[in-house]
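Residue strings, one per chain:
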Amino acid sequence: MNLNRDLAFNAIFWLLYFLYQWLGLASLYGNYHDYFINACMALPVAFLFSRLAVHFLLKKRLVETSQAIDWVYLALFSLVLLVLRRYINYYLIYPRYFPQAQHMPLFSLGKMLVDFVNLYTIAGLYALYYFIQSWYEERFRVQQLVQQQTTAELDLLKAQVQPHFVFNTLNNMYATALKRSPETASLIAHLSGFLEYNLYASTQAIVPLATEIAYIDHYIELQKNRYGPKLDVSINLYTPIDDIQIAPLLLLPLVENSFKHGVASSPGFSWIRIDISRLDGKFSVKIANSKEEQGQIPVSTTGGIGLSNVKKRLVLLYPDAHELTIIDEPHSYLIRLTIKPLTND
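An unreviewed UniProt entry lists the protein chain under the name Histidine kinase, with Spirosoma aureum as the source organism.

Peer 1: Whenever I open this one, the sheet that holds strand E7 (residues 332–339) confuses me. Can you help?
Peer 2: Adjacent strands of a sheet pair through backbone hydrogen bonds, lying either parallel or antiparallel. Within the open sheet, the five strands sit side by side as E2-E4-E5-E7-E6. Their pairing is mixed. Strand pairing shows two members of the sheet lacking a second neighbour, strand E2 (231–237) and strand E6 (322–328), which therefore form its edges. Taking the axes of each pair of neighbouring strands and ignoring which way they run, one obtains an average angle of 10 degrees across the sheet. Note that strand E4 (residues 270–279) and strand E5 (residues 282–290) share eight bridges and pair antiparallel. Bridging across to E5, Asp275 finds its partner in Lys286. Strands in contact with helix H6 (residues 209–227) are E2, E4 and E5; relative to E2, the strand with the most contacts, it is inclined by about 165 degrees.

Peer 1: Whenever I open this one, the UniProt feature "transmembrane region" (unreviewed entry) in the protein chain confuses me. Can you help?
Peer 2: The positions UniProt marks with the feature "transmembrane region" (unreviewed entry) are residues 7–29, 35–58, 70–93 and 113–132. With 100% helix and 0% strand, the stretch residues 113–132 has end C-alpha atoms that lie 28 Å from each other.

Peer 1: Sorry if this is basic, but what is going on with helix H7 (residues 252–263) here?
Peer 2: Three or four residues apart is the spacing at which side chains of an α-helix point the same way, because the helix has 3.6 residues per turn. An ideal rise of 1.5 Å per residue puts 16 Å on 12 residues; H7 measures up with 15 Å between its terminal C-alpha atoms. Within H7, 10 of the 12 residues are buried, leaving the element largely enclosed by the surrounding structure. Regarding H7, the residues found buried are Leu252, Pro253, Leu254, Val255, Asn257, Ser258, Phe259, His261, Gly262 and Val263.

Peer 1: Looking at this structure, how should I read the environment of Asp320?
Peer 2: Along the chain, Asp320 turns up in the loop between helix H8 (302–317) and E6. Overall, Asp320 belongs to the exposed group, its relative accessible area being 78%. Sequence separation of Asp320 and Lys340 is 20 residues, and the distance between their C-alpha atoms is 8.9 Å.

Peer 1: Just checking my understanding: could you explain the packing of aromatic side chains for this structure?
Peer 2: Pairs of aromatic rings are described using the distance from one ring centre to the other and the angle between the two planes. Summed over all chains, the structure comprises 17 aromatic pairs. Arranged with centres 4.9 Å apart and planes meeting at 85 degrees, the rings of Phe13 and Trp14 form a pair that is edge-to-face. As far as the burial class goes, Phe13 and Trp14 line up, both buried. Between Phe18 and Trp22, the aromatic rings sit 6.1 Å apart at their centres with planes inclined by 50 degrees, giving tilted as the arrangement. You can see Phe18 and its partner Trp22 sitting in helix H1 (residues 2–29), four residues apart, about one turn around the helix. Given a relative accessible area of 23%, Trp22 falls into the partly exposed group.

Peer 1: Would you mind showing me how to read the nonpolar core here?
Peer 2: Within the largest apolar cluster, 37 residues are counted, with the highest numbers of intra-cluster contacts made by Leu209, Ile246, Leu251, Phe259 and Ile274. Here the element with the most residues in this core is H6; it accounts for seven residues. Every residue in contact with Ile246, bar those within four places of it in the chain, is listed here: Ile206, Val207, Pro208, Leu209, Glu212, Leu251, Phe283, Tyr318 and Ile339. Residues Phe13, Leu82, Ile122 and Tyr126 belong to the second largest nonpolar core, which totals 18 residues.

Peer 1: Help me understand the packing of H6 against H7 in this model?
Peer 2: Each packed pair of helices is defined by two parameters, the angle between the axes and the distance between the axes. For the pair H6 and H7, the least separation of the axes is 10 Å and the interaxial angle reads 20 degrees. When the axis of H6 is compared with that of H7, the two are roughly parallel. The crossing of H6 and H7 is right-handed. Side by side, H6 and H7 meet where Glu212, Tyr215, Ile216, Tyr219, Ile220, Gln223 and Tyr227 of the first sit next to Leu252, Val255, Glu256, Phe259 and Val263 of the second.

Peer 1: Mind showing me how you'd approach a nonpolar patch on the surface here?
Peer 2: Residues Ile12, Leu15, Leu16, Leu19, Leu23 and Tyr32 make up a contiguous nonpolar surface patch of about 550 Å² in total accessible area. With five residues, the single largest contributor to the nonpolar patch is H1. As for its position among the elements, Leu15 is in helix H1.

Peer 1: Explain the pattern of salt bridges here, please?
Peer 2: When their charged atoms lie close together, side chains carrying opposite charge are able to pair. The final tally for this structure, using the stated rule, is five salt bridges. Where Glu221 meets Lys224, a salt bridge forms, and the shortest distance between an N and an O atom there is 3.6 Å. On the criterion of helical spacing, the pair formed by Glu221 and Lys224 is a turn pair, its members being three residues apart in helix H6. Since its relative accessible area comes to 30%, Lys224 is described here as partly exposed.

The rules behind the values
Residues numbered from 1 in each chain as written. Predicted model: local features only at pLDDT ≥ 70, side-chain atom pairs only at ≥ 80, totals over all residues. Heavy atoms only, no water. Pairing = 2+ DSSP bridges. Helix = DSSP H or I, 4+ residues; strand = E, 2+ residues; numbered from the N terminus. Axes fitted to C-alpha atoms, helices over the stretch in contact; angles between N-to-C directions. Contact = heavy atoms within 4.5 Å. UniProt positions renumbered as here; feature names shortened; annotations may be inferred. Expected span 1.5 Å × (residues − 1). Buried < 20%, exposed > 50% of the residue type's maximum accessible area, 1.4 Å probe, protein only. Phe/Tyr/Trp six-rings, centres within 6.5 Å; stacked < 30°, edge-to-face > 60°. Core = buried A, V, L, I, M, F, W, Y, C linked by side-chain atoms within 4.5 Å. Parallel < 35°, antiparallel > 145°, perpendicular 65-115°, else oblique. Left-handed = near helix turned anticlockwise from the far one by under 90°. Patch = residues over 30% accessible without salt bridge, like charges linked within 9 Å, V, L, I, M, F, W, Y side chains within 5 Å. Areas by Shrake-Rupley, 256 points an atom, 1.4 Å probe, with all protein chains shown as cover. Salt bridge = Lys/Arg side-chain N within 4 Å of Asp/Glu carboxyl O.

Okay, here's the thing in C-alpha cells:
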C-alpha cells in the first residue's frame, strides 16, 4: 500500500513539475514547442537530484551517520548536474531553440545561481512530502507504544492481585508459625522476602546490588531446605557493594541454572560458590557449581533459556558495559559476569 502511494505521489508531483516547466513558462512567452524541449531537459535533472537527496542521503546516510561531509557531496552532485545541463543547453538546445540565450557566458554566475536555487526549491518541495509522511508514521508509532504500555500496566496490575494476597497470607502464617515452629517460620520469612522482591523491587529500572543479593539469598535458603545436607552454598562479598546499582532479576537465572543443572542432576554431594568483587570501576559475579561429568548443561532446557534471556537483557541494558564468560568443565560449571555498574551520585 505504501509503495502504491509513493508511486502515485511521484507520478503526480513530477507531472505537475513538467507541466509547470512547459505550460507555465510557455504561457508567458507563447512558445510551446521550445519550452516543451526545455521541460524535457529540466525534468531528469530535478528528478535525479531530488531522489538522491531524499531517498539516499536524507533517509539513509544522514540518519545513520549525520556526517557533514554528506552535505558537501550533495552540493557537489547538484553542481555537476547543473554544469552538465548547462553544457547540453548551451551547445545543443540553445543554438536550435533559444539562440538569444547564447549571448551570456557559458558559466554565467547569475544563471548558475538561479538554476541552483530552483533545483533546491524543487528538491525541498519533494522532500516535504516525505517529512510529513515520516512525522505521521512516527506519531502513529508513539500512540501504539503508549497504548501497548497502558495495556501492559493494566495486565501487570491484574497479575499482581493474586501474589499480593499470597504475600499477605504468608506474613500472617509467619506470625503463627513463629510461636509453634521457628524452622517453619524461617522458611515462610524467606518465601515472603522472595515474593516481596518480585512484587515491588523487580518493577523498578534499577535496584541496589545488595538488595538483589538478599533476594538470591532467600532463594538459596529455600533450596537448602529442599536438598538438605547434600548441598553446600556460599556467597562471598570481597568488597563493599552498597553504592552499586543493577537491573533487577538479572542474577537469579544464573543461580537457578546452577541448581537445576548442577545440584538437581547430581545424586551425591553438590556445591555452589558465588563470589562478588569489584575492581577498576567494574564489579564481577562468579557463580560456580559442581556437576556430574555426564551431566552437560543442555542449552535447550529451561536453564538454557534462562541464560539466553540474560544474554539478551545484558545486550539491551549494558550494550558496551558487560562481559559474560562461561566455562564448562567435566566436574564444574562457571559463569562470570562483569558489569560496569550504575552508581549513586
